[in-house]
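Here are the chains, one letter per residue:
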Amino acid sequence: MIKELHKKLINNETTSVKLTEEYFGKIKKRDNEIGAFLTLTEDLALDQARAVDDKIKKGEKIDLLAGIPCAVKDNVCLDGIRATAGSKILDNYIAPYDATVVKKLKEKNAVILGKTNLDEFAMGSSTENSAYHKTKNPADLERVPGGSSGGSAAAVAADEAVWALGSDTGGSIRQPASFCGTVGLKPTYGRVSRHGLIAMASSLDQIGPIAKTVEDAAIILSGISGEDNMDATTAKSSDKFYENYFTKDIKNIKIGIPEEYLNEGLNDKVREKFEAAVKKFKKLGAEIKKISLPHSEYSLPVYYIIMTSEVSSNLARFDGIKYGLRVNDKSDSNFEQGGLPRNLLETYLDSREYGLGEEVKRRIMLGTYTLSAGYYDAYYLKAQKVRALIKNDFKKVFKEVDVIFSPTAPETAFKFGEKMDDPLKMYLSDIYTVTANLAGVPAISFPIGTIPEKTRKLPAGGQLMGKWFDEENLLRVAHAYENGI
Ligand code: GLN
């Protein structure tokens, strides 16, 4: 898709301004219903589009991403543009700088159409936790798009953007990609800079692409990855073009199937699609091996201890003083306009009580508890130890296989409201995705078929997890699947 559009641009079959206007046209037509966007950045987009068209006119070389319309999740900062992270507490927050990924995109003249909806502070699996509006799944408007990058996935699936950036702390790129029938890539921890990403859980967060094809995901990764002085967790890496590693067959590849991922929690129809996908990999020449990741059963509890602990610490800054919304006195009927200040503690309490949603408060409370003096050893420290065991499972298995294949989520997109009163049910949506974040390995979700549901067809996703910093092979295997017969 990106390469095709690129060709059209350089062959003067279209211009970036035309393409950009075409996409804004689609957004205007469809987004009332879908609700993928929170903010549109028309001026910025058209400026970039004009710059690309000028370069083409002058015969200058342009980047593959140049002139192509994309979208950015609203927890990634764009200089001078509102960044809400889906929260009321950041309703009036204007980002004062560009995130490193955005800086890179701007340097390449990518056309950013706007900012997409998400669960508040990226906490959720359905985008229903957004303080703003619902985002609907383009495959079935009665269903959620997944989350937390639901806006980005829906925008790409509805073709309101060619591709979009998401963030993934426990599955937030891959699970919505799977629910909407798109491709979603969470890079290795350290591959992409998080400078300018509104942090959720810093030892887990990664930014990555949601796209229409594996090739597009590879091109986008090439554009956004690399070491960054502004993020000390980024790894040294030579600039790579991940789209150049594709091969027709994957005969030398060993794919591991983790038995723990195929338990009774997996929906039967998703299982059928998954089994068919395994057969297809065999046909493409890969060797399939049963493997075991014995500590998988602890992934979700470990994730919900470590993630909430980090959330409680990261979100302490949203206190009505340092950022965003300030509530001076909630009992004052005019408090949204300012009201009268009482004292510092009341300002903190009222701002956080009013500005933060239920799920965010729940996680701050859980995390504060697991980090508290009396419980730190029993919960946080123990969870860190089990996290090391989970990582070791991967180290062992990667001596035997090159990639690991599983379903992305145990089911297809669910209906609005279905899991909102039971957080545990919602958390189960991430059962197959959180391990990649805990271990830090790269993982990609791609469509493995659709499941008929009344008059609709609901997309199902398969997930490949790769070795640390081996996005080449990960993308190569996913690409072979997507393009194989
Ligand atoms: N759905 C998961 C959660 O609620 C993952 C979130 C994410 O990856 N940002 O924590």
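Predicted, not measured: the structure shown is a model, and the values here were computed from it.

J.: Now, about the nonpolar core: what can you tell me, with residues and values included?
T.: Nonpolar side chains in soluble globular proteins tend to end up buried together. In this structure, Phe121, Trp163, Phe281, Phe405, Ile444, Phe446 and Leu464 are the most contacted members of the largest nonpolar core, which totals 146 residues. Here this core takes eight residues from helix H9 (residues 299–314), the largest share from any one element. For tryptophan 163, the contacting residues outside a window of four places in its chain are Ile2, Leu65, Ile68, Pro69, Cys70, Ala71, Leu105, Val156, Ile210, Ala211 and Ile220.

J.: A description of the site of the ligand should follow, citing residues and the corresponding values.
T.: Neighbouring the ligand are 16 residues, the closest being Gly124, Thr169, Gly170, Ser172 and Tyr303. A distance of 2.8 Å separates an oxygen atom of the ligand from a polar atom in the side chain of arginine 363. With the chains in place, 100% of the 290 Å² that the ligand exposes on its own is no longer accessible. If you map the ligand onto the pockets, it falls in the largest cavity. If you tally residues by element for the shell around the ligand, the top one is H9, at three residues. Partitioning the shell around the ligand into residue classes produces six nonpolar, seven polar and three charged.

J.: So what's going on with helix H8 (residues 268–283)? Residues and values would help.
T.: Counted at 1.5 Å a residue, the expected span for H8 with its 16 residues is 22 Å, and the 23 Å between its end C-alpha atoms agrees. When we look at burial in H8, the residues that qualify are Val270, Phe274, Ala277, Val278, Lys280 and Phe281. Projected down its long axis, H8 shows its buried positions confined to an angular sector of 160°, all on one face. Facing away from the buried side of H8, by more than 90 degrees, are the exposed residues Asp268, Glu272, Lys279, Lys282 and Lys283. Of the surrounding elements, those touching the buried residues of H8 are strand E7 (254–258), strand E8 (287–291), strand E9 (403–407), strand E10 (443–453), strand E11 (456–466) and helix H15 (471–483). The opening residue of H8 is asparagine 267, an N-cap whose side-chain oxygen sits 2.7 Å from the backbone nitrogen of lysine 269. Immediately beyond the C-terminal end of H8, within one or two residues, lies glycine 285, with a positive phi of roughly 105°.

J.: How would you explain unusual backbone geometry if you had to name every residue and give the values?
T.: The amide bond that connects glycine 147 to the next residue, serine 148, takes the cis arrangement and shows omega of 10°. Structurally, serine 148 can be placed in the loop between strand E3 (111–116) and helix H5 (150–157). A positive phi angle is found at asparagine 109, which is not glycine, with a value near 60°.

J.: Could you give an account of the packing of aromatic side chains, naming the residues involved and the relevant values?
T.: Scanning the entire structure with this criterion turns up 17 aromatic pairs. Measuring from ring centre to ring centre gives 5.7 Å for phenylalanine 179 and phenylalanine 414, while their planes differ by 90°; the resulting arrangement is edge-to-face. On the criterion of sequence distance, the pair formed by phenylalanine 179 in helix H6 (residues 174–180) and phenylalanine 414 in the loop between E9 and helix H13 (423–428) is long-range, its members being 235 residues apart. What makes phenylalanine 179 buried here is its relative accessible area of 0%. By relative accessible area, phenylalanine 414 is classed as buried at 1%. Relative to phenylalanine 446, the ring of phenylalanine 281 lies with its centre 6.5 Å away and its plane at 85°, an arrangement referred to as edge-to-face. Residue phenylalanine 281 is found in helix H8, and its partner phenylalanine 446 is found in strand E10; the two are separated by 165 residues along the sequence.

J.: Provide a residue-level description of the environment of isoleucine 68, including the pertinent values.
T.: Position of isoleucine 68 among the secondary structure elements: in the loop between helix H3 (42–57) and strand E2 (69–73). Not counting the four nearest positions on each side in its chain, isoleucine 68 is found in contact with Ile2, Leu5, His6, Leu9, Ala110, Val111, Val162 and Trp163.

J.: Describe empty space enclosed by the protein, with residues and values.
T.: The final tally for this structure, using the stated rule, is two cavities of 30 Å³ or more. Of the volumes computed, that of the largest cavity is approximately 70 Å³. As for the largest cavity, its lining consists of 14 residues, of which Ala122, Gly124, Ser172, Tyr303 and Asp430 are closest to the centre. A class-by-class count of the residues in the lining of the largest cavity yields five nonpolar, seven polar and two charged. Lining the second largest cavity, in full, are Arg191, Ser222, Ser225, Gly226, Ser237, Ser238, Asp239, Lys240 and Tyr242. Residues of the lining of the second largest cavity, tallied by class, amount to one nonpolar, five polar and three charged.

J.: Got a sec to walk through the layout of surface pockets? Specific residues and values, please.
T.: In this structure, the largest pocket encloses a volume near 310 Å³. Along its surface, the largest pocket is lined by 18 residues, and Tyr97, Leu197, Ile198, Ala199 and Arg317 are the ones closest to its centre. Of the residues assigned to the lining of the largest pocket, the class counts are ten nonpolar, four polar and four charged. Considering only enclosed or pocket space, the second largest pocket measures out at about 240 Å³ in volume. Considering every element that reaches the lining of the second largest pocket, the biggest residue donor is helix H7 (residues 214–224), with three residues. The residue inventory of the lining of the second largest pocket, partitioned by class, reads four nonpolar, three polar and six charged.

J.: Quick rundown of the pattern of salt bridges? Include the residues and the values.
T.: In the structure shown here, the tally under the stated rule is 23 salt bridges. Of the charged contacts, one joins aspartate 159 and lysine 212 as a salt bridge, the two residues approaching to 2.4 Å between their closest N and O atoms. One end of the pair, aspartate 159, is in the loop between H5 and strand E4 (163–168); the other, lysine 212, is in the loop between strand E6 (206–211) and H7, and 53 residues separate them in sequence. Given the relative accessible area of 18%, aspartate 159 is considered buried. Owing to a relative accessible area of 25%, lysine 212 belongs among the partly exposed residues under this scheme. Across the pair aspartate 402 and lysine 467 runs a salt bridge whose closest N-O atoms are separated by 3.9 Å. Taken together, the residues span a long stretch of sequence, with aspartate 402 in the loop between helix H12 (376–400) and E9 and lysine 467 in the loop between E11 and H15 at a distance of 65 residues. By relative accessible area, aspartate 402 is classed as buried at 17%.

Scoring rules and cut-offs
- Residues numbered from 1 in each chain as written.
- Predicted model: local features only at pLDDT ≥ 70, side-chain atom pairs only at ≥ 80, totals over all residues.
- Heavy atoms only, no water.
- Core = buried A, V, L, I, M, F, W, Y, C linked by side-chain atoms within 4.5 Å.
- Buried < 20%, exposed > 50% of the residue type's maximum accessible area, 1.4 Å probe, protein only.
- Helix = DSSP H or I, 4+ residues; strand = E, 2+ residues; numbered from the N terminus.
- Contact = heavy atoms within 4.5 Å.
- Near = heavy atom within 4 Å.
- Polar contact = N/O pair within 3.5 Å; in protein donor to acceptor, adjacent residues only side chain to side chain.
- Areas by Shrake-Rupley, 256 points an atom, 1.4 Å probe, with all protein chains shown as cover.
- 1 Å grid on protein atoms, 1.4 Å probe; cavity = no way out; pocket = protein on both sides within 12 Å on 5 of 7 lines; lining within 4 Å.
- Sits in = over half its atoms within 2 Å of the grid points.
- Nonpolar A, V, L, I, M, F, W, Y, C, P; charged D, E, K, R; others polar.
- Expected span 1.5 Å × (residues − 1).
- Arc of directions from axis to C-beta.
- Phe/Tyr/Trp six-rings, centres within 6.5 Å; stacked < 30°, edge-to-face > 60°.
- Points joined across faces, edges and corners; volume = space filled by probe spheres on them.
- Salt bridge = Lys/Arg side-chain N within 4 Å of Asp/Glu carboxyl O.

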